[in-house]
Amino acid sequence: MKYAAIVLRNTKNPLSSVDYSPVHDALLSGGVFLDELVFLSYDAPSETAAAISRLSLECDGVFLICDSVLVPSAQNTVANVAGGSFEGDVLETKRCLYAVLCDGENGAAAAEELLARIDSRRNNSYLRVVMKMACVPSERLEKALRLAREAARNLLYIHAAERYGVLRVEVIYDTKTPKMIADETVRILASELGEYIYALEDISLAERLYSALKLRRMHVSTAESFTAGGVGRAIVQVAGASEIFYEGINAYDSKAKKDRLNVSEYTLMKKGAVSEETAYEMAAGLIKQGNCDLAIATTGNAGPAPSVNAPVGLCFIAIATKDRVRVFRFRLSGSRETVTETAVNLALFLAYREIK
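## A word on the nonpolar core
A general tendency of soluble globular proteins is for nonpolar side chains to be buried together.
Inference 1: Counting residues in each nonpolar core, the largest one holds 40 residues, and the members touching the most others are Leu209, Leu294 and Leu348.
Inference 2: Put simply, the parts of the chain that give this core at least two residues each are strand E9 (197-199), helix H7 (205-216), helix H8 (230-236), strand E12 (294-300), strand E13 (314-321), strand E14 (325-331) and helix H12 (336-355).
Inference 3: With 11 residues, the single largest contributor to this core is H12.
Inference 4: Once residues within four sequence positions are removed from consideration, Leu348 is found in contact with Leu205, Ala206, Leu209, Val231, Ala234 and Ile235.
Inference 5: Residues Ile6, Val38, Ala79 and Cys96 belong to the second largest nonpolar core, which totals 24 residues.

Following this line, the structure appears as structure tokens:
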């Protein structure tokens, strides 16, 4: 069966974008592979109608993805071409299934609900295995995916998507695929990437860390500089976090690092706020207070401008237990948001790996 999507965007403003990737990924997760992806201007309804008409003759499903404010007008265009009426996001005829989905995560959720309608039309269902991982070197990932795809023999679909240092790998296959091939494909991925995998289900790093801490009856504290409380915020967003989270300190200023975390003035003067030594003493300062079993500390420069001995993207993450303190150095690239959000995920992953 064939499927296609039309993305409606504002071609007059190059800064305007449609976040269609979450919708695309949600469809892929259900085994809906797009044979064609068409980009059109939102204010050219005749072109959109022509594309819908053409694709409906070639495909079993045609999906429009657009900004939420454009959904009603997009549905009108589809209805005029298909000669029917919408039930929610969907218009269904004997020949074709149409859907108009808003972009972003809301559209992805709607796409997941759409999968049941698609499965009922194609008389087949798809299975998937999800692997979540972090800190995967690009060369390791490329090798693992190449070996896995060779084993899959074009009978399975392997989809990898990375966001802020967290990698989500899916193996998608239908119920007619030999189980031996599916199992071998998953085994290869697990073998090649095992040290970076934190879950074999679709959960966040914070959720995995929470489960590990709760199981061991441990408490965690955070001392953050350039991540501005992002690590602590991620943890406390997990339901039940009060059982494992003791405190979070945002020590941006060097004086705060010295007064609240006992970072030595000598270290700050000699090595600077963005240094391995400062990260070490930030984490050690939390552990020495005796209120937590695990401490996470971050310091770095997220930009936009470099500072003395701290180029943009340089960061140090320290993970401390009552037995030891380990410090990790990273040089991240991208926007300020990308650097800080990636550092948050790296900190969560390193903390989980320390106690798993």
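Alright, that's what it looks like, and here's the rest.
## As for unusual backbone geometry
Inference 1: Residue Pro304 is reached from Gly303 by a cis peptide bond, and omega for that bond is 15°.
Inference 2: Tracing the backbone through its elements, the reader meets Pro304 in the loop between E12 and E13.
Inference 3: Phi at Cys135 takes a positive value of approximately 60°, unusual for a residue other than glycine.
Inference 4: Within the fold, Cys135 resides in the loop between strand E6 (126-134) and helix H5 (138-152).
Inference 5: One non-glycine residue with positive phi stands out, namely Arg153, at about 55°.
Inference 6: Along the polypeptide, Arg153 turns up in the loop between H5 and strand E7 (157-163).

## A look at a negative patch on the surface
Inference 1: A contiguous patch of negative charge on the surface is contributed by Asp19, Asp89, Glu105, Glu112 and Glu113.
Inference 2: Inspection of the secondary structure assignment puts Asp19 in the loop between strand E1 (3-9) and helix H1 (21-29).
Inference 3: Take Asp19: its relative accessible area is 40%, and that puts it in the partly exposed class.

## Observations concerning the pairing of strand E3 (residues 61-66)
Inference 1: Among the 6 residues of E3, 6 are classified as buried, and the element is accordingly described as predominantly covered.
Inference 2: Here E3 shows two buried faces, one formed by Gly61, Phe63 and Ile65 and the other by Val62, Leu64 and Cys66.
Inference 3: As judged from the 5 bridges shared by E1 and E3, these two strands associate in the parallel manner. By the bridge assignment for E3, Ala5 is matched with Phe63.
Inference 4: Where E3 meets strand E5 (residues 97-102), 6 bridges bridge the pair, whose relative direction is parallel. Looking at the pairing, Gly61 lines up with Leu97 of E5.

## A few points about the sheet that holds E9
Inference 1: Sheet architecture is open: 4 strands sit in the order E7-E8-E6-E9, paired in antiparallel fashion. The open sheet terminates on both sides in strands that have one partner only, identified here as E7 and E9. Here the average twist between neighbouring strands, direction ignored, is 30°.
Inference 2: Bridge count for E6 against E9 is 2 bridges, and the pairing is antiparallel. Note that in E9 the partner of Met133 across the bridge is Ile197.

## Section: the sheet that holds strand E11 (residues 245-250)
Inference 1: Read from one edge to the other, the open sheet built from 5 strands follows the order E11-E10-E12-E13-E14, with strand pairing classed as mixed. One side of each edge strand has no neighbouring strand; the edge strands of this open sheet are E11 and E14. For this sheet, the mean angle separating the axes of adjacent strands, direction not counted, is 10°.

## What about helix H11 (residues 276-288)?
Inference 1: Between its terminal C-alpha atoms H11 stretches 18 Å, which fits the 18 Å expected from 13 residues at 1.5 Å a residue.
Inference 2: Turning to H11, its buried residues number three or more, namely Thr278, Ala279, Met282, Ala283, Ala284, Gly285, Leu286 and Ile287.
Inference 3: Gly290, located one to two residues past H11, shows a positive phi value of around 80°.

## Regarding the pattern of salt bridges
Inference 1: Using the criterion set out here, one finds 22 salt bridges in the structure.
Inference 2: For Arg208, the salt bridge identified is with Glu201, shortest N-O distance 3.5 Å.
Inference 3: Two residues, Glu243 and Lys214, come together in a salt bridge whose shortest N-O distance is 3.9 Å. With Glu243 in the loop between H8 and E11 and Lys214 in helix H7, this pair connects stretches of sequence that are 29 residues apart.
Inference 4: Under the relative-accessibility criterion, Glu243 is labelled partly exposed at 41%.
Inference 5: Put simply, Arg128, Lys132, Arg168, Glu170 and Asp202 are held in one network by salt bridges that share partners.

## Section: the packing of aromatic side chains
Inference 1: Applying the stated criterion to the full structure yields 3 aromatic pairs.
Inference 2: Note on Tyr20 and Phe39: the rings are 5.4 Å apart at their centroids and 70° apart in plane angle, and the pair reads as edge-to-face. A residue pair is termed long-range when its members are at least 10 positions apart, and Tyr20 in the loop between E1 and H1 and Phe39 in strand E2 (residues 34-41) qualify at 19 residues.
Inference 3: The class of Tyr20 is partly exposed, set by a relative accessible area of 23%.
Inference 4: Classification of Phe39 by relative accessible area gives partly exposed; the value is 32%.

Quick notes on the rules
Residues numbered from 1 in each chain as written. Predicted model: local features only at pLDDT ≥ 70, side-chain atom pairs only at ≥ 80, totals over all residues. Heavy atoms only, no water. Core = buried A, V, L, I, M, F, W, Y, C linked by side-chain atoms within 4.5 Å. Buried < 20%, exposed > 50% of the residue type's maximum accessible area, 1.4 Å probe, protein only. Helix = DSSP H or I, 4+ residues; strand = E, 2+ residues; numbered from the N terminus. Contact = heavy atoms within 4.5 Å. Patch = residues over 30% accessible without salt bridge, like charges linked within 9 Å, V, L, I, M, F, W, Y side chains within 5 Å. Areas by Shrake-Rupley, 256 points an atom, 1.4 Å probe, with all protein chains shown as cover. Salt bridge = Lys/Arg side-chain N within 4 Å of Asp/Glu carboxyl O. Lys, Arg positive; Asp, Glu negative; His and termini not counted. Charge placed at Lys NZ, Arg CZ, Asp CG, Glu CD. Pairing = 2+ DSSP bridges. Axes fitted to C-alpha atoms, helices over the stretch in contact; angles between N-to-C directions. Expected span 1.5 Å × (residues − 1). Phe/Tyr/Trp six-rings, centres within 6.5 Å; stacked < 30°, edge-to-face > 60°.

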